[in-house]
Structures are given as structure tokens and as C-alpha cells.
Amino acid sequence: MEPIISIDKLRVIYNQGKSNESRALEETNLQIFPKEYVIIYGPSGCGKSTLLYSIAGLQKPTYGDITISGKAFSKMTKREKLELHQTGIGLIFQAFYLIPSLTILDNVCLPKAFRGERRTDREKDGIQSLRRFGIVEQADKYPSQLSGGQKQRVAIARALVNRPQIVLADEPVGNLDSESARNVLQILKELNEVDQQTIIMVTHNPEHLAYADRVIHMRDGRVIKEEVNREKRPIDDTKKVETIREEDPETRELSLLMSSFRSLLPQQVNMLLVPYKAKQLLSHLLSDLSEEQISMAETLVREVLFHNIESKALMERLDLDYDKGGGGWNRTRAENFALRLDQILEQVESLKKSNEEAASGFADYLIAHFHITLDATQMLRLRNVLALRIGSKIGQTELKKRLDMSQKLGGIGLHTQTAEKVARETEMIMLLKYS
Ligand code: ADP
Ligand code: MG
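One structure accompanies this document, and this report is about it. (Residues numbered from 1 in each chain as written. Chains lettered and ligands numbered in written order. Predicted model: local features only at pLDDT ≥ 70, side-chain atom pairs only at ≥ 80, totals over all residues. Heavy atoms only, no water.)

A few points about the overall build of the chain
Looking only at helices and strands, one finds 16 helices and 10 strands in the chain. Residues classed as buried in the chain amount to 49% of the 435 residues present. The contacts in the chain between residues at least 6 apart in sequence include a share of 68% that link residues at least 24 apart. (Helix = DSSP H or I, 4+ residues; strand = E, 2+ residues; numbered from the N terminus. Buried < 20%, exposed > 50% of the residue type's maximum accessible area, 1.4 Å probe, protein only. Contact = heavy atoms within 4.5 Å.)

Looking at the pairing of strand E9 (residues 214-219)
The element E9 is extensively covered by neighbouring structure, given that five of its six residues are classed as buried. Sheet topology places strand E3 (residues 37-41) next to E9; four bridges connect them, and they run parallel. Residue pairing for E9: Val-38 is matched across the bridge by Arg-214. The pairing of E9 with strand E10 (residues 222-228) spans six bridges and is antiparallel. In the strand pairing of E10, Ile-216 is matched with Glu-226. Hairpin connection, E9 to E10: the antiparallel pair is bridged by two residues, and Asp-220 has positive phi, about 45°. (Pairing = 2+ DSSP bridges.)

A look at the packing of aromatic side chains
According to the stated counting rule, one finds two aromatic pairs in the structure shown. Here Arg-333 stacks its cationic end above the ring of Trp-329, 5.8 Å away from the centre of that ring. (Phe/Tyr/Trp six-rings, centres within 6.5 Å; stacked < 30°, edge-to-face > 60°. Lys NZ or Arg CZ within 6 Å of the ring centre and 35° of its normal.)

Focus on the packing of helix H15 (residues 396-404) against helix H16 (residues 416-433)
Viewed as axis vectors pointing N to C, H15 and H16 meet at an angle of 145°, and their least axial separation amounts to 9 Å. Both H15 and H16 take part in a crossing whose hand is right-handed. Contact with H15, carried on its side by Gln-396, Leu-399, Lys-400, Leu-403 and Asp-404, involves Thr-416, Ala-419, Glu-420, Val-422, Ala-423, Thr-426 and Glu-427 of H16 and no other residues of that element. Of the residues in the contact of H15 with H16, the class split is five nonpolar, three polar and four charged. (Axes fitted to C-alpha atoms, helices over the stretch in contact; angles between N-to-C directions. Left-handed = near helix turned anticlockwise from the far one by under 90°. Nonpolar A, V, L, I, M, F, W, Y, C, P; charged D, E, K, R; others polar.)

Topic: unusual backbone geometry
Phi at Lys-9 is positive, roughly 50°, even though this residue is not glycine. Along the polypeptide, Lys-9 turns up in strand E1 (residues 5-14). Although it is not a glycine, His-371 adopts a positive phi angle of roughly 50°. Within the secondary structure, His-371 is located in the loop between helix H13 (356-369) and helix H14 (376-390). The class for His-371 is exposed, based on a relative accessible area of 71%.

A few points about the environment of Leu-318
By the secondary structure assignment, Leu-318 is in helix H11 (residues 311-319). Accessibility expressed as a relative area gives 0% for Leu-318, which makes it buried. Considered as a pair, Leu-318 and Arg-331 are 13 residues apart in the sequence and their alpha carbons are 8.1 Å apart.

Observations concerning the site of ligand 1
The local shell around ligand 1 consists of Tyr-14, Asn-15, Ser-22, Ala-24, Pro-43, Ser-44, Gly-45, Cys-46, Gly-47, Lys-48, Ser-49 and Thr-50. With respect to ligand 1, the backbone of Gly-45 contributes an N or O atom lying 2.7 Å from an oxygen atom. Here Cys-46 contributes a backbone N or O atom positioned 3.2 Å from an oxygen atom of ligand 1. The set of elements that each furnish at least two residues to the shell around ligand 1 consists of strand E2 (22-32) and helix H1 (48-56). Split into classes, the residues belonging to the shell around ligand 1 amount to four nonpolar, seven polar and one charged. (Near = heavy atom within 4 Å. Polar contact = N/O pair within 3.5 Å; in protein donor to acceptor, adjacent residues only side chain to side chain.)

This is the structure:
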């Protein structure tokens, strides 16, 4: 059988050549086969996460290469990598993040939305995924309306909504009591045995080892031992889980999921979110460019969102010819784009600072940007409704409704098209604001 993942002479050195150099992973060779359940096991700091993120393609190898489904990372185009991240690999972390301005269903469908799937198509899968994890009743709510445990399940449903062949989980049951931990482990086991997904789970807890087909033992950045489990933990173990579920659908199983995802750092969350943000921002700003022109811009927008480059540098790269490694845009377009990006990011920054006053500054921005003329009453209502939206007191549908609704009925009375544009701009900024 061909391995689904093949790790070839992989080494990861952080801060290579600097005084704080850290050799996280010594030369590692490893093959993982379809439908396997593999646990990477070892003490804290031994390089487990580094190995897992390398497999995910989130950590670039210092040396060596990784092949997924026959294709090496080093030979993948950006598009192939994107495809792999969108549909090939599902990631489960110790913490979750949900976008507060989106409904539960939209949060779960996010990976599908970014693939450009039609709303009706993606919602069908999204609903199915929510049903599977017992949260379908929450589909139209917003994250703030859910208990912590329910939010956890949403995060898992989202990771799995595109039915990835490979599921990677980093210490998913970190700080849980043993009964709760068993519950999450049960979900992973089911994904492996019923859905036949390849699972790689990182853990430092020896009690988990019985779940896996194979255990990779790590120490000090090396694989020191591999163990094949002849007898996996019997299915019987699930009985208890089922009982808990029936008696107490929320507290146990969900509080466990809650704490299992707690430890993702804000920067890590942002790292995961930035690609989404970049993509949304681009499709918001551009519609007539070629895929290649957009793809390059996407990379650069990510760099801006990660604060690695300034928008001026982005402008210059976009303007540069293709064959010189640039975006192949023309100068004027690149300039306008960078300008627009700056405008939006400026609004994002000021909205991050406060709510009420920020809403009035934001209202001024929208009025100037979309050339809107308003009387005093309309202006007041616009500020109010924006403050509500920015504070996540109302959702995007309600915002659009109030922008569009006639003044007589208590709305702001914008032209429908303008209302839509204003609503879209607001949602974009809400998304970017989130980190
Ligand atoms: P584990 O997941 O087994 O706890 P990690 O893969 O997170 O281990 O870390 C392995 C080693 O690499 C540790 O010594 C850690 O301090 C170091 N390390 C991890 N991430 C970074 C980073 N981004 N920069 C520098 N050193 C890092
Ligand atoms: Mg780790």
C-alpha cells in the first residue's frame, strides 16, 4: 500500500543561525498509511507540534520534504497547497475560534464559502455536520449565544465540514478529566473507524495510546521508537460515552471539548484566520483580475495582515512584472489597491479601539466612501445601527435590513444597492477586526 503521508529526512530548526537557534526536529523519516490512526507521543517540548504542523504544511521544513497523497510539498503549487488545506486536511487545535459576526452555520460553512461553493450546496453539508455533532438547533444563532461547549463542537464541525481525508489533532484533550477526554477521543476514533479518515493525534498522555493503530514515540526532537498496536481499545468503551450523551448532552461532552481547545494563542488564531481574511478582502476588492494576478496579490495581502510588509511594499510588488516575481498589475491599479487597503485597515484599527465613538467615525467613512447624502435623522440612525453591529448586538441581515428600510418605518432609507454595499463593507471590516 502507498503511504498517504511520507516524511523524508525532515529537519526543523527555528531561528537558524541566530543566537536563539532551536533544533526542534532532528532528521525524521516516517510513513503513514491511509486509514491509519497514529499517535505522536512524547514529553512537552520534544517536537510533536512541530512535526504535526510540518505535516499540515503550516511549518516549512528547514531540510527534507513531506509528500502527501503522492505529491511533495516542495513540488506543490500555491493552488495545490490551498486545495490541500481546504479539503485534504482537517485541523483540530487545543483552542477554537469562531467569528462572532457570523451565524453558527456560516462559521461551519466558512471553509466551503472560501472555495466558492454555492450557498445552498454548502449549507446542506454544514447542516449535516452540525447534526452529527448535536448542534443543529443552534444553526441560526451567533457564537455569543452558545455555551462554551457548544462553541467547541462548532469548531470541530468546521474542521471536518469538507470531509478531509486526513485529520490532524494537536493535544485535543489537553486538560480534561479522564471521562471527558474519552469523549473527544471517541469522536476521533469514530472518524477513523466509521469514516475511515486517517488520524494523527499528538498527545503526552500515556492513557490515550490504546486508541491508536501505531504510536510514534518522540524525545528531544527525534523519533525514538514505534509501536504497533495489535489490539486497539475495544469499541465497548463507547457505551459509557453514549450514556453520558443521553443523560447530559451538554455539560460533559461539551465542557470537555471546551477545555481541550483552550490553549491556542491569539497569534496562532490570527495565523489561521489570516488566509481567510486575505481571500475575503480580495474578492471584496477585485473581480476582474485573472486567477494568477489574484493569487499573487493574496500572498501579499497575507503578508500585510501578518504585518510582515507595509502596503507600500505590496504596491510595488503588485506593480512588478510577472517574470520578475511581481503581480503583473499596472501601476495605477496597484496604487489604488494599496490605498484602498490602507483605508480599510485604518477603519479596522479605529474600530478595534472602541465601539460607540468608533461607530460615528466609521459612519463618516462610509458616507464619504460611497458618496451618500443623509439628513440629521438618517445620520443618527446610521450611527446607532453601526454601533449595534460593531458590538455584535445585531447580525449582518439585520444591519442590511435597517439600512435598506424606509425612514418612515424607522430605517435609514438608503437605496437598496447602496445598503448592500455599505453592509458588505461593514462585514468585511468586522471580519478583519476579529483576531
Ligand atoms: P511539543 O509540541 O512536543 O511540546 P514543539 O514542537 O512545540 O514541542 O517544540 C519543540 C521545540 O521547539 C521546543 O524546544 C520549543 O521551545 C521549540 N519551538 C517551538 N516553536 C518554536 C518557534 N516558533 N520558535 C522557536 N522555537 C520554537
Ligand atoms: Mg505541542
